[in-house]
Amino acid sequence: MPKDENRSRERKAGDNHVRAMQKAGGPFVAAAERTRMPMVFSDPQIPDNPIIYANDSFLALTGYDREEVLGRSYHFMMGPGTDPAAPAQIDAAFHDSYDAYPEVRYYRKDGSEFWAVIFISPVFDENHTVVQHFASFLDITRRKRDEERHRLLVEELDHRLKNTLATVQSIAAQTLRGAAVEQRVRDAFEGRLLALSKAHGLLAHESWDGVGLHDLIDQTLQPFGIRDPRPARFSVEGGDVRLPPKAALALAMVFHELATNAAKYGSLSNGGQIDITWQDEPTPQGTRIIRLRWQETGGPPVMPPARKGFGSRLIECGLAQELDGQVHLNYEPEGVVCQIVMPVPRRAGP
């Protein structure tokens, strides 16, 4: 049988079935006709779950006539910009879980695109057999456009910030080159600037919505060999915590200063190890805190410094204030230990 003729028969049979439900006072169809929510009904007994009814709101949203919609699958409005995984997600919503709500980029009859969240629900008969599906389409085009504008603004901000940091680095290099400044001072400055730049890049990738503590540690300590498994120089253990931007930038500087010191004088200078652990704990006030510990072992014997350098002062004073917490540096003989206590961000999790 030709495809068009088969579709015509399905369309006619489906339309007759819906009209019969209307005459019988079918509550779902009556509600669909009155609602402003775009809605369709489909027949699960026929392959591809073809549409057998579309309300006026759906036709207004898509620009199609009712005759052009009936007998077709939910996928007919997809186009070149639609996620290839969308058809499988919709099919899974039919067969596996009615709690799935796919967000799909669709195309109207005139070629313009729109986004919709699809809510799929079954219609049961008296034997609890699914005899129909009905799906409502929530138009989220405006939200998606706002998200795209936000993404572009964040990318522009990140681009300008990187240019600013590069300019600062260039100015500093030119200034220090002509001054009686040791190379180690230049290296320290550039290292701090690079750590700050990495943290900014990580936050920009997350749209400045926060960053995971594991990701921050991995990115900041990459230049110090945290990804090198031979031999393993770092041990990192702790639950997933999502840090707000201010805390992430402060911790990035803490980790950079500690790792730099370890590479020059501590456990990273002769094959030792660094263990980074943390856990969150309740407080008597009903809030929670993160208790983080950086511990070096296997390095040269440690002696407390005769005076505190800029890095130590930066960690214990300035960055502690940024974290709204406490930072303690202990120069134990077996290795440097840094303990950080800070409030758990309100938004915590993966």
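Before reading further, recall that the structure is shown in the block above.
About the thresholds
- Counting starts from 1 at the beginning of each chain's written sequence and moves along it residue by residue.
- Totals for whole chains, interfaces and linings use all residues, but because this is a predicted model, local features are given only for residues with pLDDT of at least 70 and pairs of side-chain atoms are given and counted only at 80 or more.
- In computing side-chain properties, one takes all heavy atoms of the structure into account and sets aside hydrogens as well as water.
- The rule is simple: take the accessible area with a 1.4 Å probe, protein chains only, and divide by the maximum for that residue type; under 20% is buried, over 50% is exposed, in between is partly exposed.
- We count a stretch as a helix when DSSP gives it H or I for four or more residues in a row; a strand needs E for two or more, and each element gets its number in order from the N terminus.
- By definition, the arc is the one covered by directions from the helix axis to the C-beta atoms.
- Ring geometry is summarised as follows: Phe, Tyr and Trp rings, the Trp one being its six-membered ring, pair when their centres sit within 6.5 Å, and such pairs are stacked at plane angles under 30 degrees, edge-to-face over 60 and tilted between the two.
- The pairing criterion for strands is at least two bridges between them, as found by DSSP.
- For helices, the axis comes from a line fit to the C-alpha atoms of the stretch in contact; other axes are also lines fit to C-alpha atoms, and the angle between any two N-to-C directions lies between 0 and 180 degrees.
- Contacts are assigned to residue pairs with any non-hydrogen atoms lying within 4.5 Å of each other.
- Only buried Ala, Val, Leu, Ile, Met, Phe, Trp, Tyr and Cys residues count toward a nonpolar core, and they belong to the same one when joined by side-chain atoms within 4.5 Å.
- Between Lys or Arg on one side and Asp or Glu on the other, a salt bridge is scored when a side-chain nitrogen of the former is within 4 Å of a carboxyl oxygen of the latter.

## Some details on helix α8 (residues 213-220)
Item 1. Of the residues making up α8, those classed as buried are Leu 213, Leu 216, Ile 217 and Thr 220. Buried residues in α8, looked at end-on, bunch into an arc of 95°, giving them a common side.

## Let's talk about the packing of aromatic side chains
Note on aromatic pairs: each is described by the distance of the centres and the angle between the planes.
Item 1. Across all of its chains, the model carries eight aromatic pairs by this definition.
Item 2. For the ring pair Tyr 64 and Phe 76, a centre distance of 5.2 Å and an interplane angle of 70° mean the geometry is edge-to-face. With Tyr 64 in the loop between α3 (56-62) and α4 (66-69) and Phe 76 in the loop between α4 and α5 (86-95), this pair connects stretches of sequence that are 12 residues apart.
Item 3. A relative accessible area of 14% means that Tyr 64 is categorised as buried.

## A word on the sheet that holds strand β9 (residues 273-282)
Item 1. The five strands lie next to each other as β7-β9-β10-β12-β11, forming an open sheet whose pairing is mixed. Only two strands of the sheet have a single neighbouring strand rather than two, namely β7 (234-237) and β11 (326-332). Averaged over all neighbouring strand pairs, the angle between strand axes comes to 10°, with direction disregarded.
Item 2. Where β11 and strand β12 (residues 335-343) come together, seven bridges link them in antiparallel fashion. Opposite Asn 330, over in β12, you have Val 337 as the bridge partner.
Item 3. Strands β7, β9 and β10 (288-297) of the sheet are contacted by α8, whose axis makes an angle of about 160° with β9.

## Topic: unusual backbone geometry
Item 1. Backbone geometry at Asp 48 places phi at a positive 70°, although glycine is not the residue there.
Item 2. Its identity is not glycine, yet His 128 carries a phi of approximately 65°, on the positive side.

## Focus on the pairing of β12
Item 1. Taken across its nine residues, β12 has seven buried, putting it largely inside the fold.
Item 2. Bridging between β10 and β12 involves seven bridges; their strand directions are antiparallel. Its bridge partner lying in β12, Gln 295 is registered against Val 337.
Item 3. Connecting β11 to the antiparallel partner β12 that follows it, the hairpin turn spans two residues.

## Describing the sheet that holds strand β1 (residues 39-42)
Item 1. The strand order β2-β1-β5-β4-β3 describes an open sheet built from five strands, whose pairing is antiparallel. Each end of this open sheet is capped by a strand with a single partner; those strands are β2 (51-54) and β3 (103-107). Each adjacent strand pair in this sheet contributes to an overall mean axis angle of 35°, direction not counted.
Item 2. The pairing of β3 with strand β4 (residues 113-124) spans five bridges and is antiparallel. Bridging across to β4, Tyr 106 finds its partner in Phe 114.
Item 3. Where α5 meets the sheet, its contacts fall on β1, β3, β4 and β5 (130-139), and the angle it forms with β4 comes to roughly 20°.

## Regarding the nonpolar core
Item 1. Counting 45 residues, the largest nonpolar core has Leu 213, Leu 216, Leu 221, Leu 251, Phe 255, Trp 294 and Ile 340 as the members making the most contacts within it.
Item 2. Listing elements by their share of this core, those giving two or more residues are α7 (183-205), α8, α9 (245-264), β9, β10, α10 (310-323), β11 and β12.
Item 3. With 12 residues, α9 is the single largest residue contributor to this core.
Item 4. With residues up to four places along the chain from it excluded, the contact list for Trp 294 reads Leu 221, Phe 234, Phe 255, Leu 258, Ala 259, Ile 274, Asp 275, Ile 276, Val 336, Val 337 and Cys 338.
Item 5. Core analysis: the second largest hydrophobic core is formed by 25 residues, Leu 61, Leu 70, Phe 76 and Phe 94 among them.

## Remarks on the environment of Arg 143
Item 1. Note that Arg 143 resides in helix α6 (residues 141-177).
Item 2. Considered as a pair, Arg 143 and Trp 115 are 28 residues apart in the sequence and their alpha carbons are 8.9 Å apart.

## With respect to the pattern of salt bridges
Item 1. Evaluated as defined, the whole model comprises 12 salt bridges.
Item 2. Note that Asp 56 and Arg 66 form a salt bridge whose closest N and O atoms lie 2.9 Å from each other. Taken together, the positions of Asp 56 in helix α3 and Arg 66 in helix α4 put the pair 10 residues apart, joining distant regions of the chain.
Item 3. With a shortest N-O distance of 2.7 Å, Arg 227 and Asp 218 are connected by a salt bridge.
Item 4. On the accessibility criterion, Arg 227 (49% relative accessible area) is partly exposed.
Item 5. The exposure class of Asp 218 is partly exposed, given its relative accessible area of 26%.
Item 6. A single salt-bridge network, built from bridges that share partners, covers Glu 103, Arg 143, Lys 144 and Glu 147.

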